[in-house]
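Examination of the molecular architecture
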Amino acid sequence: MERLKKKLENYWYHYKHQTLLGLLGLAVCIAALVQCAGAEEYDTYITYAGPARLYEQQLEEGAAYAAAAIGKDLNGDGKVSVSFNKIFHMTNEQIRAEFEKDPTFSVPSQEGNFEKFCREFEAGDTVIWFVDPALYAEYAKTDDWVSMLEVLDTEAWRSFTADLPDGSFDQYSVRLLETEFGKTFFSYLPEDTLLCMRRSSNYSAMVGESESGEFYDRGVEAFRAIFEYGKNK
């Protein structure tokens, strides 16, 4: 016993710091695994990115509105749930316009928000976007937005857009407030906010092709439900 005690004391003397660091790393890994295991898997993810300042209550209400519009459990967990998030971003033109209307206008900090938008677009969970035209334009020439004709019925899309004003839609987007869903639930968003959908290929390599395909398919179904909201009333 005395011999074992000396060995332990010798080990602790020489490897105390390495052991403590190892135990700390193990604790962090266990905590991360527990958190991931308990994290809710949403049916789909929606993000608003633009100059509107949304608060927690509006995000919770937006998630509930979207879930009600979708009305179908898409991931098989027995409930309909949507994650609705925000990324605040104002262009220089939007800031100048606000100052012209109100010289006392104070710009909230948006440090890193453009990079946050890019990270979420390129590798995040968001499939459906409510996005400011300036941010939409960042990826308008990259084929990363999904054509409406890929996810919606061609005749329904053409019929819907036939009476829309010029500039309110293109092949990859439509103004959110032109849809019944947008008019009903999101009238407080800027009138030029676009409804669009991101292609899945940006993150397929990260989560695996089959998983990302299923995730994208759920996004397509959710997008269709949002687009069709109110048409059968």
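Refer to the structure presented above.
Let me sum up the structure you'll find in this document. (Residues numbered from 1 in each chain as written. Predicted model: local features only at pLDDT ≥ 70, side-chain atom pairs only at ≥ 80, totals over all residues. Heavy atoms only, no water.)

What about helix α7 (residues 154-161)?
Just so we agree on the cut-off: Working definition: with a 1.4 Å probe on protein chains only, accessible area under 20% of the residue-type maximum means buried, over 50% means exposed, and in between means partly exposed. Starting at the N terminus, helices and strands are each numbered in turn, a helix being any DSSP run of H or I of at least four residues and a strand any DSSP run of E of at least two. What the arc describes is the spread of directions from the helix axis to the C-beta atoms. Within 3.5 Å is the distance limit for a polar contact, defined as a pair of N or O atoms, with the added protein rule that one can donate a hydrogen and the other accept it, and that residues adjacent in sequence qualify only through two side-chain atoms.
Of the positions making up α7, those classed as buried are Trp 157, Phe 160 and Thr 161. End-on, the buried residues of α7 take up no more than an arc of 90°, which puts them together on one face. In this structure, α7 carries Glu 155 and Ser 159 as exposed residues pointing more than 90 degrees from its buried face. At the N-terminal end of α7, a side-chain oxygen is found 3.2 Å from the backbone nitrogen of Glu 155, two or three residues along, and the residue is Asp 153.

Some points on the pattern of salt bridges
Spelled out, the test is: Note on definitions: salt bridges are taken to be side-chain nitrogens of Lys or Arg within 4 Å of carboxyl oxygens of Asp or Glu.
Per the stated rule, a full pass over the model turns up 8 salt bridges. With its nearest N and O atoms 3.3 Å apart, the salt bridge here joins Glu 98 to Lys 101. One end of the pair is Glu 98 and the other is Lys 101, both in helix α3 (residues 92-101) and 3 residues apart, which spans about a single turn. Take Glu 98: its relative accessible area is 25%, and that puts it in the partly exposed class. Note on Lys 101: relative accessible area 64%, which makes it exposed. One salt-bridge network, in which partners are shared between bridges, spans Glu 41, Glu 214 and Arg 218.

Remarks on the packing of aromatic side chains
Definition in use: Centres within 6.5 Å are what make two rings of Phe, Tyr or Trp a pair, Trp counting through its six-membered ring; a difference in plane orientation under 30 degrees is then read as stacked, over 60 as edge-to-face, and the rest as tilted.
Summed over the entire model, instances satisfying the criterion amount to 25 aromatic pairs. Within the aromatic cluster, the residues linked to one another by ring pairs are Tyr 65, Phe 84, Phe 130, Phe 181, Phe 185, Phe 186, Tyr 188 and Tyr 229.

Observations concerning the sheet that holds strand β4 (residues 169-170)
What counts here: Following DSSP output, two strands are said to pair if at least two bridges run between them. Contact criterion: two residues are considered in contact whenever any of their non-hydrogen atoms come within 4.5 Å of each other. For helices, the axis comes from a line fit to the C-alpha atoms of the stretch in contact; other axes are also lines fit to C-alpha atoms, and the angle between any two N-to-C directions lies between 0 and 180 degrees.
Taken in spatial order, the 6 strands of this open sheet run β2-β1-β3-β6-β5-β4, and their pairing is mixed. In the strand order of this sheet, the two ends are held by β2 (82-88) and β4, each with one partner. Two strands pair when backbone bridges link them, and strand β3 (residues 128-131) and strand β6 (residues 194-197) are joined in this way by 4 bridges, in the antiparallel orientation. When the bridges of β6 are listed, Phe 130 appears paired with Leu 195. Contacting β1 (44-50) and β2, helix α2 (residues 56-70) runs over the sheet at an angle of about 135° to β2. Contacts between helix α4 (residues 113-123) and the sheet are confined to β1, β2 and β3, with β2 contributing the most and set at about 145° to the helix.

As for the nonpolar core
Rule in force here: What is meant by a nonpolar core is a set of buried Ala, Val, Leu, Ile, Met, Phe, Trp, Tyr and Cys residues, joined one to another through side-chain atoms within 4.5 Å.
Residues Phe 84, Ile 128, Phe 130 and Phe 181 are the most contacted members of the largest nonpolar core, which totals 40 residues. If you tally residues by element for this core, the top one is helix α10 (residues 209-228), at 7 residues. Setting aside anything within four residues of it in sequence, one finds Phe 181 in contact with Tyr 65, Ala 66, Ala 69, Phe 130, Leu 176, Phe 186, Ile 226 and Tyr 229.

Details of the pairing of β2
The side chains of a regular strand alternate, residue by residue, between the two faces of the sheet. Our working rule: The definition of a right-handed crossover adopted here requires that, viewed with the strands pointing away, the path from the first strand over the helix to the second runs clockwise.
Taken across its 7 residues, β2 has 5 buried, putting it largely inside the fold. Note that β1 and β2 share 7 bridges and pair parallel. Residue pairing for β2: Thr 47 is matched across the bridge by Asn 85. Since β1 and β2 lie parallel, the crossover through α2 that links them has a hand, and here it is right-handed.

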